[in-house]
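# Residue-level structural notes
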Amino acid sequence: IMDIEFDRQHIWHPYTSALTPLPCYPVVGAQGSKIILEDGKALVDGMASWWSTIHGYNHPELNAAAKQQIDDFSHVMFGGLTHSPAIDLCKKLVAMTPSGLERVFLADSGSVAVEVAMKLAIQYWACQGNQKKNKFIAPRNGYHGDTLNAMSVCDPINGMHSLFSEVLPTQLFAPAPQTQFNAQWNDDEMLAMEELLQHHHHEVAAVI
């Protein structure tokens with residue numbers, strides 16, 4: 001039996017209060033799209049473990065690859081070191097991207113990937129001798145992660161990061177396009193974005 005009381009008292013889960021936490025469900029297994037709870041109930045994981053388990057749990061090929069890798073080594077840092085699994089993955093990524101996208105920077109989460117991309121954009125302009133191009137334009141209604149710079153390009157009104165508004169970098173926001181899937185695209189929806197670029201191009205590093 002899992003010690004749920006210890007969990008409640010000492011483990012702070014994402015997106016809940018540390019003082020009055022939401023209930024946590026004890027998991028003992030997972031298979032395919034199902035999460036198996038301690039009492040035997042099965043939940044359909046419609047979020048794919050925050051979009052990181054898109055092929056389902058206990059996928060035989062992924063399990064076999066993980067077991068084979070851990071027999072060699074589980075992990076090494078990537079600074080000054082490399083290994084075949086990383087090289088093989090990056091070969092596949094380069095092969096599927098458009099011409100000109102030929103460098104791969106590996107990150108360990110979605111938020112970190114956004115942080116890296118934002119830093120790269122600012123670094124690009126700094127290397128061109130233009131350190132004033134350090135702001136970003138983002139459409140409203142977006143969500144890009146929970147680290148500080150990633151939060152700064154999330155929707156500032158409807159997002160969940162208003163508590164941090166005083167410390168986040170100030171970015172520029174365009175109205176989100178309203179054209180629905182399978183509907184006729186309306187070019188006028190990009191006028192606000194064009195206007196932002198025209199007035200702020202001197203300080204914008206990138207559009208996210």
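Here the structure is a predicted model, which is why all the values come from computation and not from measurement.

Conventions used here
- Residues numbered from 1 in each chain as written.
- Predicted model: local features only at pLDDT ≥ 70, side-chain atom pairs only at ≥ 80, totals over all residues.
- Heavy atoms only, no water.
- Pairing = 2+ DSSP bridges.
- Helix = DSSP H or I, 4+ residues; strand = E, 2+ residues; numbered from the N terminus.
- Axes fitted to C-alpha atoms, helices over the stretch in contact; angles between N-to-C directions.
- Contact = heavy atoms within 4.5 Å.
- pLDDT = per-residue confidence, 0-100.

### Section: the sheet that holds strand S1 (residues 27-31)
Hydrogen bonds between backbone groups are what pair the strands of a sheet, and the pairing can be parallel or antiparallel. If you trace the 3 strands from one edge of the open sheet to the other, you get S1-S2-S3, paired in antiparallel fashion. Here the strands that pair on one side only, and so sit at the sheet edges, are S1 and strand S3 (42-44). In this sheet, neighbouring strand axes are inclined to one another by 25° on average, regardless of whether the strands run parallel or antiparallel. Bridge count between strand S2 (residues 34-37) and S3: 3 bridges; the pairing is antiparallel. Bridged to Lys34 within S3 is Val44.

### Comments concerning the environment of Ala48
Relative to the elements of secondary structure, Ala48 occurs in helix H2 (residues 48-51). Here the alpha-carbon distance between Ala48 and Asp187, two residues 139 residues apart in the chain, equals 35 Å. In this structure Ala48 touches Thr53 and Ile54, once residues within four positions along its chain are discounted.

### Notes on the confidence of the model for the protein chain
Scored by pLDDT, the protein chain comes out at a mean of 94, with 100% of its residues at no less than 70. Between the elements of the protein chain, mean pLDDT differs from a low of 89, seen in H2, to a high of 98, seen in strand S6 (residues 204-207).

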